[in-house]
Amino acid sequence: MLANPGTSTLHHRANYTHNPPFSLTTHRCKLSLSPNFPRLSNSAKSNFSSLSLLLSRRKRERLFTVVNAFEETSVAHDAPQSLPQPISVKIPVGDRHILVETGHIGRQASGSVTVTDGETIIYTSVCLDDVPSEPSDFYPLSVNYQERFSAAGRTSGGFFKREGKLKDHEVLICRLIDRPLRPTMLKGFYHETQILSWVLSYDGLHSPDSLAVTAAGIALALSEVPNTKMIAGVRVGLVDNKFIVNPTTKEMEESELDLLLAGTDSAIFMIEGYCNFLTEEKLLEAVQIGQDAVRAICNEVSVLVKKCGKAKMLDAIKLPPAELYKHVEEIAGDELVKVLQITSKVPRRKALASLEEKVLTILTENGYVSKDERFGTPETVADLLEVEDEDEEIIVDGEVDEGDVHIKPVGRKFSPLLFSEVDVKLVFKEVTSKFLRRRIVEGGKRSDGRNSDMIRPIDSKCGLLPRAHGSALFTRGETQSLAVVTLGDKQMAQRVDNLVDEEEFKRFYLQYLFPPSCVGEVGRIGAPSRREIGHGMLAERALEPILPSEDDFPYTVRVESTITESNGSSSMASVCGGCLALQDAGVPIKCMIAGIAMGLVLDTEEFGGDGTPLILSDITGSEDASGDMDFKVAGNEDGVTAFQMDIKVGGITLPVMRKALLQARDGRRHILAEMSKCSPSPSKRLSQYAPLIHIMKVNPKKVNIIIGSGGKKVKSIIEETGVEAIDTQDNGIVKITAKNLSSLEKSKSIINQLTMVPDVGAIYRNCEIKSVAPYGVFVEIAPGREGLCHISELTSNWLPKAEDVFKVGDRVDVKLIEVNEKGQFRLSRKALLPETTSEKPSAEHHAADKASPRRIVQAPKDGLAEEYKDKDSASKLVNSPRSDSEEDAPVSKKKVYKGLTSSATEGPKKSSVASVSKIANKDEGTLVNGDAKIG
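Note that this is a predicted model, so its numbers are computed, not measured. Numbers given to residues run from 1 along each chain, matching the order in which its sequence is written. Owing to the predicted nature of the model, reporting of local features is limited to residues with pLDDT of at least 70; listing and counting of side-chain atom pairs is limited to 80 or more, with chain, interface and lining totals taken over all residues. Calculated side-chain values reflect all of the structure's heavy atoms, with hydrogen atoms and water omitted.

Caption draft 1: Representation of the overall build of the chain. Under the scheme used here, helices are H or I runs from DSSP no shorter than 4 residues and strands are E runs no shorter than 2 residues, and both carry numbers assigned from the N terminus. In terms of regular secondary structure, the chain is built from 19 helices and 32 strands. Entry remark: accessible area of the chain is about 46700 Å², with carbon and sulfur atoms responsible for 51%. Every accessible area reported is derived by Shrake-Rupley at a probe size of 1.4 Å, with residue values counting cover from the shown protein chains alone.

Caption draft 2: Spotlight on the packing of helix α6 (residues 280–308) against helix α15 (residues 654–675). One can describe the packing of α6 onto α15 by two numbers: an axis separation of 11 Å at closest approach and a directional angle of 150°. If you check the angle between α6 and α15, you find them roughly antiparallel. The way α6 lies across α15 gives a crossing that is right-handed. Judged by residue contacts, Glu280, Glu281, Leu284, Val287, Gln288 and Gln291 of α6 engage Leu654, Met657, Arg658, Leu661, Leu662, Arg665 and Arg668 from α15. Three categories are distinguished: nonpolar for Ala, Val, Leu, Ile, Met, Phe, Trp, Tyr, Cys and Pro, charged for Asp, Glu, Lys and Arg, and polar for the others, with Gly belonging to the last. Looking at side-chain class alone, the contact of α6 with α15 contains six nonpolar, two polar and five charged residues. Axes here refer to lines fitted to C-alpha atoms; in helices the fit is confined to the stretch in contact. Angles between the N-to-C directions go from 0 to 180 degrees. For classification purposes, an angle smaller than 35 degrees is called roughly parallel, one larger than 145 roughly antiparallel, one from 65 to 115 roughly perpendicular, and anything else oblique. By the definition used in this description, the sense in which the near helix is turned from the far one sets the handedness, with an anticlockwise turn below a right angle giving left-handed and a clockwise turn giving right-handed. The contact rule is simple, with two residues in contact once any of their heavy atoms fall within 4.5 Å.

Caption draft 3: Quick peek at the environment of glycine 608. Its location among the elements puts glycine 608 in the loop between β19 (594–601) and β20 (614–617). Sequence-wise, glycine 608 and valine 441 are 167 residues apart; in three dimensions their C-alpha atoms are separated by 7.6 Å.

Caption draft 4: Looking closely at helix α12 (residues 530–543). A helix is expected to span 1.5 Å multiplied by its residue count minus one. Between the first and last C-alpha of α12 there are 20 Å, a value that for 14 residues agrees with the 20 Å anticipated at 1.5 Å per step. Burial analysis of α12 places 11 of its 14 residues in the buried class, which makes it a mostly covered element. Of all the residues in α12, the buried ones are Glu532, Ile533, Gly534, His535, Gly536, Met537, Leu538, Ala539, Glu540, Ala542 and Leu543. Classification of residues uses two cut-offs on accessible area relative to the type maximum, computed with a 1.4 Å probe and protein chains only: under 20% is buried, over 50% is exposed, and between them is partly exposed.

Caption draft 5: Structural detail: the packing of helix α8 (residues 345–366) against helix α11 (residues 421–443). Packing of α8 against α11 leaves a shortest axis separation of 10 Å and a crossing angle of 135°. Relative to α11, α8 is oriented oblique. The element α8 and its partner α11 pack so that their crossing is right-handed. Here α8 contributes Leu352, Leu355, Glu356, Val359, Leu360, Leu363 and Thr364 to the contact with α11, which in turn contributes Glu421, Val424, Lys425, Phe428 and Thr432.

Caption draft 6: Highlighting unusual backbone geometry. Note that the residue after serine 679, namely proline 680, is joined by a cis bond; omega there is -5°. Positive phi values are uncommon outside glycine, yet asparagine 246 reaches one of about 50°. Structurally, asparagine 246 is set in the loop between β9 (242–245) and α5 (249–253). For asparagine 246, a relative accessible area of 6% gives the class buried.

Caption draft 7: Geometry of the confidence of the model for the chain. For the chain, per-residue confidence averages 79 on the pLDDT scale, and residues scoring 70 or more make up 75% of the total. The quantity known as pLDDT measures the predictor's confidence residue by residue, on a range of 0 to 100. Taken as a whole, residues 1–9 scores under 50 in pLDDT and shows 17 contacts with residues more than four places along the chain or in a different chain.

Caption draft 8: Spotlight on the environment of tyrosine 123. For tyrosine 123, the position within the fold is in strand β5 (residues 120–128). The buried category is assigned to tyrosine 123, whose relative accessible area is 10%. When the C-alpha positions of tyrosine 123 and threonine 102 are compared, they lie 9.8 Å apart, and in sequence the two are 21 residues distant. Ignoring anything within four residues of it in the chain, the contact list for tyrosine 123 reads Ile105, Gly106, Ser112, Val113, Thr114, Leu196, Ser197, Trp198 and Leu200.

Caption draft 9: Region of the structure containing the sheet that holds strand β23 (residues 692–697). In this scheme, strands are said to pair when DSSP sees at least two bridges between them. Strands sit in the order β23-β25-β24 across an open sheet of three strands; the sheet is antiparallel. At either end of the open sheet lies a strand with only one pairing partner, and these are β23 and β24 (725–728). Adjacent strand axes in the sheet meet at a mean angle of 15°, parallel and antiparallel pairs treated alike. Summarising the sheet, β23 and strand β25 (residues 733–738) pair through six bridges and their orientation is antiparallel. Of the residues in β25, the one forming a bridge with leucine 692 is alanine 738.

Caption draft 10: Representation of the sheet that holds strand β10 (residues 257–263). If you trace the eight strands from one edge of the open sheet to the other, you get β9-β8-β10-β11-β22-β21-β19-β20, paired in antiparallel fashion. Because the sheet does not close on itself, it has two edges, and the strands there are β9 and β20. Taking each pair of neighbouring strands and ignoring which way they run, the sheet shows an average axis angle of 15°. Across four bridges, the pairing between β19 and β20 is antiparallel. Bridge pairing in β20 links methionine 598 to serine 617. Helix-sheet contacts for helix α3 (residues 168–181) involve β10, β11 (268–278) and β22 (640–647), and the interaxial angle to β11 is about 130°. Running over the sheet, helix α4 (residues 209–222) touches β8 (232–239) and β10 and is turned about 155° from β8.

Caption draft 11: Representation of the nonpolar core in the model. Among the nonpolar cores identified, the biggest contains 145 residues, and Leu257, Phe631 and Met675 are the most heavily contacted of them. In terms of residue count, α6 provides more of this core than any other element does, 11 residues in total. We define a nonpolar core as any set of buried Ala, Val, Leu, Ile, Met, Phe, Trp, Tyr and Cys residues linked to one another through side-chain atoms lying within 4.5 Å. Within the second largest apolar cluster, 27 residues are counted, among which are Leu355, Tyr368, Phe419 and Ile440.

Now the structure itself:
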C-alpha cells in the first residue's frame, strides 16, 4: 500500500526550503586540468604517460574515458537545481505498516534505503566496484550488519567507547541477509558488491533482523547489480496457537516458534527457525503465512523499484564460451563417470583434482581440436600431399597448357583452441555437478552407493575423555564430531551485549570448531569464522529445548563440538554428539534429539526423469555443493526443535518442502534408534570432577551480613573454606560452588552461623573476646556475630574497668539476655556464674527455667559453634541453632546435586544465581542427587 492511498502514487518528500552549504546547482562539473599539475595537463601528454604507468590497463582506460567525457561536456546554465525528492511507500505487514524510503540518505550509493517499523530504523546501502574482479565460482558479495549503541541511547562498555568487531548475533544476521540474496545473483557478474546495514534507531519492541533482510533486498533491487528478483524477509511467531507476522519482542517471549523466512513473490529462498517440538504440519502453516507476507511486500515494493531503480549492468556479465562445456565433456566425460563412483571422499577429491589438471593442460597449454572437426576430413593430410615425381612435367615459358598443370592439394589445418584457466575451472566444476546429478537421477544411486532415502552407517561412543565432565564421539559415514560438556557456576555464563540496557547471560552455549584437518587440508587457525558461528548457533538452539530448568539444574553448561571429520552435515552431527555428551555429563535432559541434512535435485527432467523433485536424505559434501537445496532439521521422533534451509536455485514451493520435512522425520527416527545403541553408553551421572553446587535459603534481610562491607565477608569465607564461589540473591537464595564436599560443608556452616536467629536465653561456651572497651567487652558468639557484654554483666562484684580483668583473645561463657530493635545482642557472663548470695531464687525464676530449657552453644577454637539444649544439664548434643536456612544436618556425599543450566536472559536488577532447587524430603539445604532422567 502506497503512502498516499487515495491517489495510489508514491509519496514525495517536500524539498528543502533553504539552500544548504553544498547544494547542487545546474553547473555540470567540468574537470579542469590545472597548469600547476603538468602530469595531468593536456599540453603535456608525454608527462601523462608517467601517471599511466602506475595504473592498471583497465583503470587507465577508464580514466581516459572519464577525462574525455568531462572535457567534451559544455558548461550548463547557472540556474539553481533543487535536491532530488525522497520517495517513500508504506507496506502493510501483520497488524501494522512499515515505511520504506529512498532518495533521502546515501544518494551516492548504487542503491540505498531506510526501512522503519515503529521507532526501529534500518539503513542499508549497496555499492559495487567499478572494475570487475577475476572470475570465480563464488559471487564476490560481502555483507556487514551492525547495531549501533547510539540507536538505543547507549555507548559501548569497552575502553574505546565505540563499536568494534561484529558480535556473534550480528554475524548471524549478516548470514541471514547473505543467504537468500546470493541465489538471485546472475552468473558471470564479477563486480565486487558490498551491502552495509546499520541499526540507526531501536525502540526495544520491533526486532531489526527481519527488517534488515527486507532492506537489503530492496536496496539491491534499486541498484545496478543484476539479479533475478527482489527478496524480502519476515518473522513468524506462534502465541496462543495463533501465528503472528513480525511479532514484537514482548510477543516473542511467549512464542513457541521463532521463524525467519525470506523469499520472492513466488518462491522461498531461505528459512531459519527454532521451536519447541512443533509438528511438521504446524511448521508448514507458519511457512505459508510467512510466504504470503513476503509476497505482499514484494508486490508493493515493485512499484518503487520501477520508478527509482537503476538500469542493471547486464552488459558486464561475462560467461565462459558455450563450446567450452562441450570440449570439457569430450575430454573428461568417460573418466569423470568412473571418478564419481569412488565412495571415499579423499581419494575421490584427489582423482578429481588430477583429472582437472589434465583438462587444464589440454585446454590452456596444448590446445584442443574438437572431435567433430577431426572426423570431418575424409583423408589425412599426408595422403593429400603425396607426390608422384614421375608424373611431373617441365613447362616451358609461354607454352602453358591448362590441362597439363598439376595443382598440389593443400590439406585443411585446424588451429588448436586455447581457453583461459579460469573459464576451464568454472566449466569443469559445472560439468562435474551435472554428471553427479545425472548419476543420481538416471542410475538411482549416489556416489557412495546409497538410495535417495538411505542414511550412512552410524557409530557413537561416550566417556572417551576421563577428566571431562561429559564426552561423546558421534560418527556418521565420513562425518565425525567430538562433543565435550563442561559444567560450571554462574561465573562460567556467557555475557551478551545488546542494544537494550540489560545484562543478558547465556547459561547454555555450544561452540562449534571446524579445523582444516577435518577435510585433510592445511588452513588458517584463529578466530571463529562466520560459518562456525552460524553452525554453532543452529546446534545450540536445537539442543536448548531439551535442557532442564534452572530450578532443576542450576549449572552453566558449555558444549564444545570439534569436527574431526567432515563430509556433509557436520552441524547436525554436532546436535547428535552434543545430545549424547549431555547425557554422559549427567544432565537430566527431557528427551533425545537428532539432526539430519536433506538435499534436492529439482529439475530431474533434464536427466531423463519424470520431472518430480528428488529429495536426498543425509547428504554428503559433494551432494551439498552440486545439489539445489541444503535443508537441516533437528528434533525427536514427533517434533522439530530447529531447522534451516538454503536454496541454490529459483526457490522451492510448499509441496516440495512438505515432502522434505516428512522424509527428514523418517531419517531422524532412524538416527535416534542408532544413537540408542551407543557403546559405551552415556553414564547419566555427574562426573566426580564436576563442581558441587549447593543451594540454600536464608532470610533476605541477612544477605548483607553474608556479603559484608564491600564484599569483605564473603571473600573471607571463600578464602577460609576454599570454595570456588558464593553467589547470593536478593530473595535470600545462596548458591555455594565447591570442588569437594568438605569445603562446601565448612562454608555452609559459617553461613548458617551468620544467618542464624539466636534465642534469648541461649548459652554460648568458649567464645572469644574480640575487643575491650571501658564499658564492657565484645564477644563473638558465632562467626561474624558479636554481642556486647556490659561491664555490669561481667562479674558479680563491682568492676571499675573491663580491661583490668579481661583482654582481647580471652574466652568466656556468655548467655544471650536481650536482642534489641536493631538486632544487636546483649550478653551476660554474670548470669552463668555461681550464686554469691544465700538468697534462694524466686519461684518465678524456677518456673521460667522449667518452662524454657536453656540452649547451650559450644564455640570451639575453629569458630564453629556446637549447641546443646538442657533441662537439667547441658550434656545432650542436639541440632545446631535455628537458622533461616531451615537445615543444619551435614551434607552426605550421596546427596550432592550438580546441575546444568539452559540459556536465559536476566534483567539488570536480578542476580544470575539459580533459584532454589527442588529439595528432597523438603530439606532446602540438602544437595540433591543429580542423576540424569531421560523422559
